[in-house]
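This is what each chain is made of:
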Amino acid sequence: MLSALFWSLAIAVLVVTALPLTNSVQWWIRMWDFPRLHIAIAAVILSAATLPFPVQFKPILLGALATAFAYQAVQIFPYTPLASTEVDLSPAPSAAEEVNMLAVNVLMENTRYDDLVGIINREDPDVLLLMETDAAWAKALQGVLARYNTVKSHVADDHYGLIFATRLDVVSAEFLWPADDDTPAVKAVLRAPNGPEFNFIGLHPRPPVPGNDTETRDRQIKNAALMTSSSDRPTICMGDFNDVAWSWTTKRFKRYGNFAEPRVGRGMISSFHADYPFMRLPIDQLFVTNDVGLVSFSRLESFGSDHFPMIATVFLEEGRRVNNGQR
């Protein structure tokens, strides 16, 4: 019976490791993209628990668990401080050239409006992306949004409302529906304080949960990358992707959009779930092209949402892009 128990648990670890390799869009398969760290830890704990006991075919069981751990470790390794960074931090030539960006999934049911207003007032972002904004949130934020020259709102009570606000000069700004569903994205062309124009993309596709397979989410993420993949402008993408940084969908997004990821080499900087540390995952993303200078990227404090706010400071320089993705 003990052997059967250990083998059953080991098979479960192997199955949830292997399922995402199918590239299926079924939610109950793609959900196992998320807890790779948890599965790796489970493999280690189960291996250690097995050692003192007489278990049939123990070397095979331990070898299988070691294989699962190694695979999961390879997937999450880039998101540890042991890996090389993809985006170097560098100071802007002057403080006047910095662009501060704040992306927040407010959680529609959250009523701590004043706490978020306080964060926005303190950080004073030049670009603000708010997700899950319904009519109550839009009303509560009227005062702070009045400070911005451009505000575009898609208020909805289905957890997919968006508010985009900026004080930068706007060449264009619009809501798009990259996957022909009811979850919009923001596409804007903005002008940095020192003159260069850049693209800003804001995303919030649906998560893989019962009733939501990932075909639409995956297509929205892919199409967002294709929006600006051939652009001569620097590009920044932020938002709640409802997808982990190490998934094949996110890797494809990076490849299609020629993006680099500030998280790589710096740790997971997990943004969800704010209330449960043992469940935290990096699903609120920031991606930049090689011609965007990154000053900082960090997670702010909780304010009642299930997501932490994510903030970044960047700068744009004329002529920063060079061939082969090198600065």
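Residues numbered from 1 in each chain as written. Predicted model: local features only at pLDDT ≥ 70, side-chain atom pairs only at ≥ 80, totals over all residues. Heavy atoms only, no water.

## Some points on the nonpolar core
In summary, soluble globular proteins display a tendency toward joint burial of nonpolar side chains. With 30 residues, the main nonpolar core has Val99, Met101, Phe198, Phe200 and Ile236 as its most contacted residues. Considering every element that reaches this core, the biggest residue donor is strand β11 (residues 310-316), with four residues. If sequence neighbours within four positions are ignored, valine 99 has contacts with Asp126, Val127, Leu168, Ala192, Pro193, Phe198, Ala312, Thr313, Val314 and Leu316. If you look at the next biggest cluster of nonpolar residues, it comprises 20 residues, including Val106, Leu130, Ala165 and Ile311. (Core = buried A, V, L, I, M, F, W, Y, C linked by side-chain atoms within 4.5 Å. Buried < 20%, exposed > 50% of the residue type's maximum accessible area, 1.4 Å probe, protein only. Helix = DSSP H or I, 4+ residues; strand = E, 2+ residues; numbered from the N terminus. Contact = heavy atoms within 4.5 Å.)

## Re the packing of helix α1 (residues 2-18) against helix α4 (residues 58-76)
Where α1 contacts α4, the axes come no closer than 10 Å and their chain directions differ by 30 degrees. Between α1 and α4, the angle falls in the class roughly parallel. Of the two elements, α1 crosses α4, and the hand of that crossing is left-handed. On α4, the residues that touch Phe6, Trp7, Ala10, Val13, Leu14 and Thr17 of α1 are Ile60, Leu61, Ala64, Leu65, Ala68, Tyr71 and Gln72. Considered class by class, the residues forming the contact of α1 with α4 number 11 nonpolar, two polar and no charged. (Axes fitted to C-alpha atoms, helices over the stretch in contact; angles between N-to-C directions. Parallel < 35°, antiparallel > 145°, perpendicular 65-115°, else oblique. Left-handed = near helix turned anticlockwise from the far one by under 90°. Nonpolar A, V, L, I, M, F, W, Y, C, P; charged D, E, K, R; others polar.)

## Digging into the sheet that holds strand β9 (residues 284-288)
Taken together, five strands build an open sheet; the order of strands is β5-β6-β7-β8-β9 and the sheet is mixed. At either end of the open sheet lies a strand with only one pairing partner, and these are β5 (169-176) and β9. Between one strand axis and the next, the sheet turns by 10 degrees as a mean value, whatever way the strands run. Bridge analysis of strand β8 (residues 235-240) against β9 gives five bridges, and the strand direction is antiparallel. What sits directly across from aspartate 240, in β9, is aspartate 284. (Pairing = 2+ DSSP bridges.)

## Notes on the environment of arginine 112
With respect to the helices, strands and loops of the structure, arginine 112 is situated in the loop between β1 (98-105) and α5 (113-123). Residue classification places arginine 112 among the partly exposed residues on the basis of a relative accessible area of 39%. Taking the C-alpha atoms as reference points, arginine 112 and serine 305, 193 residues apart in sequence, are found 8.4 Å from one another. A polar contact of 2.6 Å, which involves the side chain of arginine 112, links it to the side chain of aspartate 115. (Polar contact = N/O pair within 3.5 Å; in protein donor to acceptor, adjacent residues only side chain to side chain.)

Any functional reading would require information that these geometric values do not contain.
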